Structures are given as C-alpha cells and as structure tokens.
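An overview of the molecular structure
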Amino acid sequence: MAQTFVEVPGGRIAVQTYGGAGRDVLFIHSVGLCGPHWRPFAEIVADRCRPVTIDLPGHGHTTVPMNSAEDQWRHLAAVVRGVGLDRPVIVAHDTAVWAAMAAALDDPDAFSAVVLVGGTITRILQSLSLLDDPTFRDLMRDRFGLGETGVGRESAAAFQRQLSESIQNDWLLNEIGARLWDELDHSIVFGPGDTWIHTPTVDTVIQGYRFDPASPYYPDLGLYGKLTLPTWIVSLEHGSDGNIGLETGPAEQLPLVQVRRLATGQFPEYTGAAELAEVLDEVLQTLERA
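Conventions adopted
- Residues numbered from 1 in each chain as written.
- Predicted model: local features only at pLDDT ≥ 70, side-chain atom pairs only at ≥ 80, totals over all residues.
- Heavy atoms only, no water.
- Phe/Tyr/Trp six-rings, centres within 6.5 Å; stacked < 30°, edge-to-face > 60°.
- Helix = DSSP H or I, 4+ residues; strand = E, 2+ residues; numbered from the N terminus.
- Buried < 20%, exposed > 50% of the residue type's maximum accessible area, 1.4 Å probe, protein only.
- Lys NZ or Arg CZ within 6 Å of the ring centre and 35° of its normal.
- Pairing = 2+ DSSP bridges.
- Axes fitted to C-alpha atoms, helices over the stretch in contact; angles between N-to-C directions.
- Contact = heavy atoms within 4.5 Å.
- Salt bridge = Lys/Arg side-chain N within 4 Å of Asp/Glu carboxyl O.
- Core = buried A, V, L, I, M, F, W, Y, C linked by side-chain atoms within 4.5 Å.
- 1 Å grid on protein atoms, 1.4 Å probe; cavity = no way out; pocket = protein on both sides within 12 Å on 5 of 7 lines; lining within 4 Å.
- Points joined across faces, edges and corners; volume = space filled by probe spheres on them.
- Arc of directions from axis to C-beta.

**Side note on the packing of aromatic side chains**
Applying the stated rule across the entire model yields seven aromatic pairs. Relative to Phe41, the ring of Phe27 has its centre 5.9 Å away and its plane inclined at 80 degrees; by these criteria the two rings are edge-to-face. With Phe27 in strand E3 (residues 24-28) and Phe41 in helix H1 (residues 39-45), this pair connects stretches of sequence that are 14 residues apart. We classify Phe27 as buried; its relative accessible area is 1%. Following the ring pairs from residue to residue traces out a cluster consisting of Phe27, Trp38 and Phe41. Arg74 extends its terminal NZ or CZ atom over the ring of Trp73, reaching a point 6.0 Å from the ring centre.

Next comes the structure, spelled out in structure tokens:
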C-alpha cells in the first residue's frame, strides 16, 4: 500500500493505492472506519483491477474536517481527477452507500458504475433519530474508542490491544478479527509531541449524519431511481439491514439496478471476500462488454 494526498478546499484527502492492473476501482469506507479497512479486499482483487481507497473527511490521515454529511461525497470527483483515475467503479460499504450515490448523481461523468455493499437508504434514515441521543455518543466512545487520545507509542499500543481484544465479543465488529489491528495502525494518528488521537471523533461521526434537507441528494428511496449509471446493490443476509428485516424494495425493479445477495455478515470484505470479488468481476466484465 502506498499513500498520497489530493489537495481540496479545506485540506488534503489521503488516498491509498495498491498497484494492480485494469479498470480503476475507488472503494469508500463507512463513517467510523478508514480507507485501509478495504486493504485486505483490495489486495485480493488487485489482479483484476486497480484498487484505490481514501480516508473520508475527519478520518485517518485526511486533514479536511467533516462538517456535514455532504462532506462524505463532495470531494470524490476531485480525488478521481487528482489521482488521475479513469472513470472508476465506485464501491461503497454501509453508510457510504449514500455518499457513492450522491457523488454519482452530482458528477456521473467521473464514474462508470456504482456498487452499494451492505447499506440501505432506509437504515440511514432510521439512524437519524440517534443523533441527539446522549447514549449514542457514549456508545461511540465506549464501544469503538472514537476520539480516544493519549501521549506516546506505548500508550497507543496499549489502547490498540485493548480495543482489538474487546471486539472479539462484539457482534458487529468481531467479523473483522485480527485485521482490526492493521486498521487501528492507520486510524490512530500521531501529532506533535507524540500525542495521538483515534480517528474519527464522535463529533465527526455525528456530523456524518447531518444531512441537508435542502440538498437534491437528501437520502430518500427516490435516489435509486435517479441514478444514470449501472448500479449493483449487494444485500447481506446477516448484515445490519438483514438483522432488522430491511430489503432493497422498489430499487430491485429499476432497469439500471442489479441486486446480488450474499450469505455473509456486515463485513463481506473480510468474511465473504471470494463472493464479493465475484460481484466485482461481474461489474468489470459487464463494463468491458459495454
């Protein structure tokens, strides 16, 4: 993995590349994670495409803050052009499915197809009720250690061990397993005087759900029908949506949408990599024939 930066208004977006050959594919992580969350999967598929990941604003090594949900997507086209990508497939996971849709709607010429993995607009809308719940903020701090700070490499390593061990009993995160250690290596960011912070902060996560009601891309089910690019929705049988009975619904009837179902949990990039790679192969082959 090599890292570079793209200058945008407000700072720099951190971009990770993994070599490879073929069509460019831009992977977008969920709010609360970081670009190298996709690293294990990117390394698997680098024999068939050129995978690229980024740190969203307020996450990892990106210096641009996240002041609203719109910041999740507003710099994606600039990243595409700044890195010299050629109309990449945009693959998004969990909460990032909305960001991918908004980016594709705002600048469809920047992308060639959209792949939405394990996230529905319905669940994103349901999550809005959590924003002003103080127990939600406590959960983000206690469960995920978001915004944790310290001084020195030893204290950072101790935090890393503690969080890696605690997720073994977490129904949502235990699928990531030992690879969480690698992700924490990236999302724990050091500053002056060997100070460190585990990104993102809780406030950043909250801002990631602050949608602008006046935006033409405000999350609603109608966004699926506005997409003009080939779109694959990857539904996860045991993921967050499946656990609460959410389905893709009317989106399945749209002419540009293909729905694929995987018998995995919320993180198929870890527990169902071969199956998810098959979906990506289908996308790449479809675009090749077009």
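**Section: the pairing of strand E9 (residues 195-198)**
Residue alternation in E9 divides its side chains into a buried set, Trp196 and His198, and an unburied set, Thr195 and Ile197. Strand direction decides the pairing type here: strand E7 (residues 149-151) and E9, joined by three bridges, are antiparallel. By the bridge assignment for E9, Gly150 is matched with Trp196. In the sheet, strand E8 (residues 188-190) pairs with E9 via three bridges, with the strands oriented antiparallel. For Val189, the partnering residue across the bridge sits in E9 and is Ile197. Hairpin geometry of E8 and E9 is characterised by an intervening segment of four residues between the two adjacent antiparallel strands and by a positive phi of about 65 degrees at Gly193.

**Examining the sheet that holds strand E4 (residues 50-54)**
Spatially, eight strands are ordered E1-E2-E4-E3-E5-E6-E10-E11 in an open sheet, and the strand pairing comes out mixed. Each end of this open sheet is capped by a strand with a single partner; those strands are strand E1 (2-8) and strand E11 (257-262). Each adjacent strand pair in this sheet contributes to an overall mean axis angle of 25 degrees, direction not counted. Here E1 runs beside strand E2 (residues 11-17); their pairing, made up of seven bridges, is antiparallel. By the bridge assignment, Glu7 is partnered in E2 with Arg12. Against the sheet, helix H2 (residues 76-83) engages E1, E2, E3, E4 and strand E5 (89-93), with an angle of about 120 degrees to E1.

**Description of the pattern of salt bridges**
Applying the stated rule across the entire model yields 13 salt bridges. Residue Glu43 pairs with Arg39 through a salt bridge whose shortest N-O separation is 2.9 Å. Taken together, the residues Glu43 and Arg39, both in helix H1 and four residues apart, mark about one turn of the helix. For Glu43, a relative accessible area of 40% corresponds to the partly exposed category. We note a salt bridge from Glu282 to Arg260, for which the minimum N-O separation is 2.7 Å. One end of the pair, Glu282, is in helix H12 (residues 273-289); the other, Arg260, is in strand E11, and 22 residues separate them in sequence. The class of Glu282 is partly exposed, set by a relative accessible area of 24%.

**Quick look at the nonpolar core**
Of all hydrophobic cores here, the largest spans 70 residues; its most connected members are Ile28, Ile54, Trp73, Leu76, Trp98, Phe111 and Leu116. Residue contributions to this core peak at 10 residues, all from helix H3 (residues 96-106). Leaving out residues up to four positions away in the same chain, Leu116 has contacts with Ala92, Val97, Ala100, Met101, Tyr224, Thr231, Trp232, Ile233 and Val234. Counting residues in hydrophobic clusters, the runner-up holds 23 residues, among them Val115, Leu262, Ala277 and Val283.

**A word on the layout of surface pockets**
Empty space within the largest pocket amounts to approximately 820 Å³. For the largest pocket, the lining is made up of 36 residues, of which Asp94, Met140, Arg143, Phe144 and Leu172 are closest to its centre. Elements with a contribution of two residues or more to the lining of the largest pocket: helix H4 (121-127), helix H5 (134-144), helix H7 (179-187) and helix H10 (240-243). If you tally residues by element for the lining of the largest pocket, the top one is H5, at five residues.

**Focus: H2**
Considered for burial, the residues of H2 that qualify are Leu76, Ala77, Val79 and Val80. Along the axis of H2, the buried residues cluster in a sector spanning 160 degrees; they form a single face. Along H2, exposed side chains directed more than 90 degrees from the buried face belong to Arg81 and Gly82. Among the structural elements, E1, E2, E3, E4, E5 and H3 are those in contact with the buried residues of H2.

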